[in-house]
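# Working through the structure, step by step
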Amino acid sequence: MERITSWVKTHHAGSSQARPIEPDTAVRIISNADKPTVIIGSRIMDLDGAPLDRTIRLARALDMPIVATAHSGKFLIERGFTNYVEMAVVEITNVVTDNKWGGIEGYGRPDLVMVLGSHLDLMNATFQSLKNFSNIPTMSMSRFFMVNATYSFPNLNDDIWIQCLDDVCDKIEKSHL
């Protein structure tokens, strides 16, 4: 398999690098998780909110909470989505690494953490911390390959990225009817 490099040339993975995935693999990983959780950030409104709309579809299909960082909670409210909690990105990263943490509002400790719509440096730091200080698998659903995640979409252009998110949402919605 060809080695994929990070969008940001200074991001290095150390001894292990994210496994590049396609939508079908993402669906399988998400479907096998008992308590997946998605973290969104301030860049979730890029492309006129298309990533946010896909995140809401995914969260509704899985009855999964969204962790809204930065000011992204207001966009969820505008779209009528209420199954979310607001936390700072550093705070959610720290509590997820705590084995004694009970999870978000009774949902339980996540067994898969997905991240999208955050600044690249914050995502990299989040993935790096979770890789080094927890055993929870992580998935970057960003359009940029994130070397420190467990799984990541490769570097994609905007149209292909949104199509990948649509494919994931369509298949998850069909399998969780």
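Okay, so let's go over this structure. Computed from a prediction, not measured in an experiment: that's the story for all the values here.

So, on to the pattern of salt bridges. Working definition: two side chains of opposite charge can pair if their charged atoms are close together. Following the criterion strictly, the structure yields 8 salt bridges and no others. The residue Arg79 makes a salt bridge to Asp53 at a minimum N-O spacing of 2.6 Å. Highlighted residues: Arg79 in the loop between helix 3 (73-78) and strand 4 (84-86) and Asp53 in helix 2 (residues 46-62), separated in sequence by 26 residues. Connected via shared salt-bridge partners are Arg54, Arg57, Asp166, Asp170 and Glu173.

With that settled, consider the sheet that holds strand 1 (residues 19-20). Reading across from one edge, 1-7-6-5-2-3-4 is the order of the 7 strands in this open sheet, with parallel pairing throughout. Each edge of the open sheet carries a strand with a single partner, namely strand 1 and strand 4. Of the strand pairs in this sheet, strand 5 (residues 112-116) and strand 6 (residues 138-140) are connected by 3 bridges, and their pairing is parallel. For Val113, the partnering residue across the bridge sits in strand 6 and is Thr138.

Moving on to the environment of Thr37. On the secondary structure map, Thr37 appears in strand 2 (residues 36-40). We classify Thr37 as buried; its relative accessible area is 3%. The contact partners of Thr37, leaving out residues within four places of it in the chain, are Met64, Pro65, Val67, Ile104, Tyr107, Pro110, Leu112, Val113 and Met114.

A word on the packing of helix 1 (residues 23-32) against helix 6 (residues 158-175). Contact geometry of helix 1 with helix 6 gives a least axis separation of 9 Å together with a crossing angle of 40°. It follows from the interaxial angle that helix 1 and helix 6 lie oblique. Here helix 1 and helix 6 pass one another in a crossing that is right-handed. Mapping the contact onto sequence places Pro23, Asp24, Ala26, Val27, Ile30 and Ser31 in helix 1 and Cys164, Asp167, Val168, Lys171, Ile172 and Ser175 in helix 6.

Before going further, it helps to spend a moment on the pairing of strand 2. Burial runs high along strand 2: 5 of the 5 residues are buried. Residue alternation in strand 2 divides its side chains into two sets, Pro36, Val38 and Ile40 and Thr37 and Ile39, and both sets are buried. Judged from the 5 bridges that link them, strand 2 and strand 5 form a sheet pairing that is parallel. Paired with Pro36 across the bridge in strand 5 is Leu112.

Reading the values: the criteria
- Residues numbered from 1 in each chain as written.
- Predicted model: local features only at pLDDT ≥ 70, side-chain atom pairs only at ≥ 80, totals over all residues.
- Heavy atoms only, no water.
- Salt bridge = Lys/Arg side-chain N within 4 Å of Asp/Glu carboxyl O.
- Helix = DSSP H or I, 4+ residues; strand = E, 2+ residues; numbered from the N terminus.
- Pairing = 2+ DSSP bridges.
- Buried < 20%, exposed > 50% of the residue type's maximum accessible area, 1.4 Å probe, protein only.
- Contact = heavy atoms within 4.5 Å.
- Axes fitted to C-alpha atoms, helices over the stretch in contact; angles between N-to-C directions.
- Parallel < 35°, antiparallel > 145°, perpendicular 65-115°, else oblique.
- Left-handed = near helix turned anticlockwise from the far one by under 90°.

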